[in-house]
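Observations on the three-dimensional arrangement
Given next are the chains, with one letter for each unit.
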Amino acid sequence: MTTTVLDVTTLEKLVSAAVAAPSVHNTQPWRFRLDPDTVTLEIRAAAHRTLRHADPAGRALHVSVGCAVFNLRLAVAHFGWEPVTRLLPHPGEPDLLATVRLAGAARSTAPPQLYEAVWHRHSSRFPFSDRPLPTALLTELTEAAHAQGAQLGLPGPADVDQVLRLTREGELRNTADADRSTESRHWIREPDHSALGIPPTAVGPQDYHERIPMRDFGAHRHPSVLPARPFEKRPLLAVLSTAHDRRTDWLRAGQALERVLLVATAHGVRASLLHQAVEWPDLREQLPSAPDEGRAHAQMVLRLGYGPEGPPSPRRPARRALQDAPVPATS
């Protein structure tokens with residue numbers, strides 16, 4: 001493909017790939033607009049879908065949008081264009097978080113297995129087996145994060161215990177905070193016209209042995225209390241971090257997170273996100289980083305393993321995610 005001619009069908013496919021990204025509580029806090037003159041897709045924050053209590057600084061929103069940016073970059077390259085990405089391109093427009101311009105023929109081919117994984121990746125909040133991940137795959141996951149400007153630390157047994165302790169404390173605080181509990185429960189809903197939030201079937205059970213503090217999203221106050229099942233004895237946890245903690249770092253962390261998740265999906269590995277400790281500044285500071293990275297800022301805790309795929313959460317159609325988008329020329 002040597003010319004940038006974007007038709008409606010391809011535009012919607014690009015945005016659908018972006019929308020398939022994970023987001024905090026599946027709020028999908030993004031909106032897209034096409035600038036037809038420069039063939040650039042703008043990714044803006046959907047401020048009305050922020051978590052005002054759990055994410056007052058918007059860090060998780062930026063991480064979520066970063067995940068969508070990576071998927072969009074991947075899809076643009078898949079269709080043969082070079083994705084030229086700018087983060088926070090206009091300081092006077094704080095809601096404009098990124099732009100991706102379709103700049104002629106791609107210089108390199110997008111990994112087909114990652115693009116295919118976009119359509120299959122979703123969180124699994126169910127028990128995993130105790131089967132270990134191959135060392136070569138763990139290396140590939142850490143390299144995936146590094147390629148996007150982040151670090152993926154794999155804590156040893158003592159640090160895993162610390163991460164679980166901090167996550168448990170974060171979960172206890174969340175359940176004790178009335179505003180956060182109410183906000184969290186708001187996003188647990190049966191699939192409806194909004195295509196937002198997490199279906200009750202996707203929330204998953206609690207750990208019967210109370211070792212892994214899975215988020216209950218406020219179900220402790222819901223009539224249908226979550227069931228409990230035995231989880232893996234030795235969970236494989238990873239801490240994604242960045243050297244700095246600015247808005248651009250949050251967006252880069254999201255891109256790194258999504259690349260890690262897609263690599264895992266391509267290898268048949270499931271993932272769930274343990275975000276509770278990251279939501280509390282004092283707990284977040286105590287999360288361990290990669291041994292050779294010095295001081296780092298934790299952006300996400302991942303739980304990885306082999307297990308059931310789990311039911312997906314809904315996604316808004318591309319047409320609804322596009323805002324004020326002119327209809328492109330057909331080819």
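This text follows the structure it describes.
Criteria and cut-off values
- Residues numbered from 1 in each chain as written.
- Predicted model: local features only at pLDDT ≥ 70, side-chain atom pairs only at ≥ 80, totals over all residues.
- Heavy atoms only, no water.
- Helix = DSSP H or I, 4+ residues; strand = E, 2+ residues; numbered from the N terminus.
- Rg over C-alpha atoms; globule rule 2.2 N^0.38 Å.
- Buried < 20%, exposed > 50% of the residue type's maximum accessible area, 1.4 Å probe, protein only.
- Contact = heavy atoms within 4.5 Å.
- Areas by Shrake-Rupley, 256 points an atom, 1.4 Å probe, with all protein chains shown as cover.
- Lys, Arg positive; Asp, Glu negative; His and termini not counted.
- Charge placed at Lys NZ, Arg CZ, Asp CG, Glu CD.
- Core = buried A, V, L, I, M, F, W, Y, C linked by side-chain atoms within 4.5 Å.
- 1 Å grid on protein atoms, 1.4 Å probe; cavity = no way out; pocket = protein on both sides within 12 Å on 5 of 7 lines; lining within 4 Å.
- Points joined across faces, edges and corners; volume = space filled by probe spheres on them.
- Nonpolar A, V, L, I, M, F, W, Y, C, P; charged D, E, K, R; others polar.
- Phe/Tyr/Trp six-rings, centres within 6.5 Å; stacked < 30°, edge-to-face > 60°.
- Arc of directions from axis to C-beta.
- Polar contact = N/O pair within 3.5 Å; in protein donor to acceptor, adjacent residues only side chain to side chain.
- Axes fitted to C-alpha atoms, helices over the stretch in contact; angles between N-to-C directions.
- Left-handed = near helix turned anticlockwise from the far one by under 90°.

What to know about the overall build of the protein
Across its full length, the protein holds 10 helices and 10 strands. For 331 residues, the compact-globule estimate of 2.2 N^0.38 gives 20 Å, and the protein sits close to it at 19 Å. Evaluated residue by residue, the protein yields a buried proportion of 55% over its 331 residues. A separation threshold of at least 6 residues defines the contact pool for the protein, and within that pool the share at least 24 residues apart is 78%. Here the protein has roughly 14,500 Å² of accessible surface; of this, 53% comes from carbon and sulfur atoms. With 38 positive and 36 negative side-chain charges, the protein shows a spacing of 1 Å between the two charge centroids.

Observations regarding the nonpolar core
In this structure, Leu-14, Val-15, Phe-32, Ile-43, Leu-141, Leu-240 and Leu-302 are the most contacted members of the largest nonpolar core, which totals 67 residues. A per-element tally of this core places helix H2 (residues 59-78) first, with 12 residues. Ignoring sequence-local partners within four residues, the contact set of Ile-43 consists of Trp-30, Arg-31, Phe-32, Val-65, Val-69, Leu-72, Asp-95, Leu-96, Leu-97, Ala-98, Thr-99 and Val-100. Core analysis: the next-biggest nonpolar cluster, separate from the first, contains 17 residues, Leu-274, Ala-277, Val-278 and Val-301 among them.

A closer look at unusual backbone geometry
Trans is the prevailing form of peptide bonds, just as negative phi is the prevailing case for residues other than glycine. A positive phi angle, close to 50°, is found at Gln-28, a residue other than glycine. Counting through the fold element by element, Gln-28 comes out in the loop between helix H1 (8-19) and strand S1 (30-35). We classify Gln-28 as buried; its relative accessible area is 0%.

Observations regarding empty space enclosed by the protein
Applying the stated criterion to the full structure yields 2 cavities of 30 Å³ or more. Taken as a whole, the largest cavity encloses approximately 100 Å³ of empty space. Lining of the largest cavity is provided by 15 residues; of these, Asn-174, Arg-180, Ser-181, Ser-184 and Arg-215 occupy positions nearest its centre. Every element with two or more residues in the lining of the largest cavity is listed here: helix H5 (157-176) and helix H6 (178-186). Broken down by element, the residue count for the lining of the largest cavity peaks at 4 residues, all from H6. Grouping the amino acids of the lining of the largest cavity by side-chain chemistry returns 2 nonpolar, 7 polar and 6 charged. The space that makes up the second largest cavity amounts to roughly 70 Å³. In terms of lining, the second largest cavity is formed by His-120, Arg-121, His-122, Ser-123, Leu-261, Thr-265, Val-269, Arg-270, Ala-271 and Glu-309.

With respect to the layout of surface pockets
Roughly 640 Å³ of internal volume is contained in the largest pocket. Pro-22, Ser-23, Ser-123, Arg-125 and Arg-315 are, among the 39 residues lining the largest pocket, the residues nearest its centre. Only H1, H2 and strand S9 (270-274) provide two or more residues apiece to the lining of the largest pocket. Ranked by residue count, the leading element in the lining of the largest pocket is H2, at 4 residues. Here the lining of the largest pocket is built from residues that sort into 21 nonpolar, 12 polar and 6 charged.

Overview of the packing of aromatic side chains
This structure, assessed with the given rule, holds 2 aromatic pairs. When the centroid spacing of 6.4 Å and the interplanar angle of 85° are considered together, the rings of Phe-79 and Tyr-115 count as edge-to-face. On the criterion of sequence distance, the pair formed by Phe-79 in the loop between H2 and strand S3 (81-87) and Tyr-115 in helix H3 (residues 112-118) is long-range, its members being 36 residues apart. Look at Phe-79 and you get partly exposed, because its relative accessible area is 24%. A network of ring pairs unites the aromatic residues Phe-79, Tyr-115 and Trp-119 as a single cluster.

Quick look at H6
Turning to H6, its buried residues number three or more, namely Arg-180, Ser-181, Glu-183 and Ser-184. The buried side chains of H6 occupy one side of the element, clustering within an arc of 165° when seen end-on. One side-chain oxygen at the N-terminal end of H6 lies 3.0 Å from the backbone nitrogen of Asp-179; it belongs to Asp-177.

Quick look at the packing of H1 against H2
One way to put it is that H1 packs onto H2 with a least axis distance of 7 Å and a crossing angle of 145°. In this structure, H1 crosses over H2, and the sense of that crossing is right-handed. For the pair H1 and H2, contact is made by Leu-14, Ala-17 and Ala-18 and by Ala-68, Asn-71, Leu-72, Ala-75 and Val-76, respectively. When grouped by side-chain class, the residues that make up the contact of H1 with H2 number 7 nonpolar, 1 polar and no charged.

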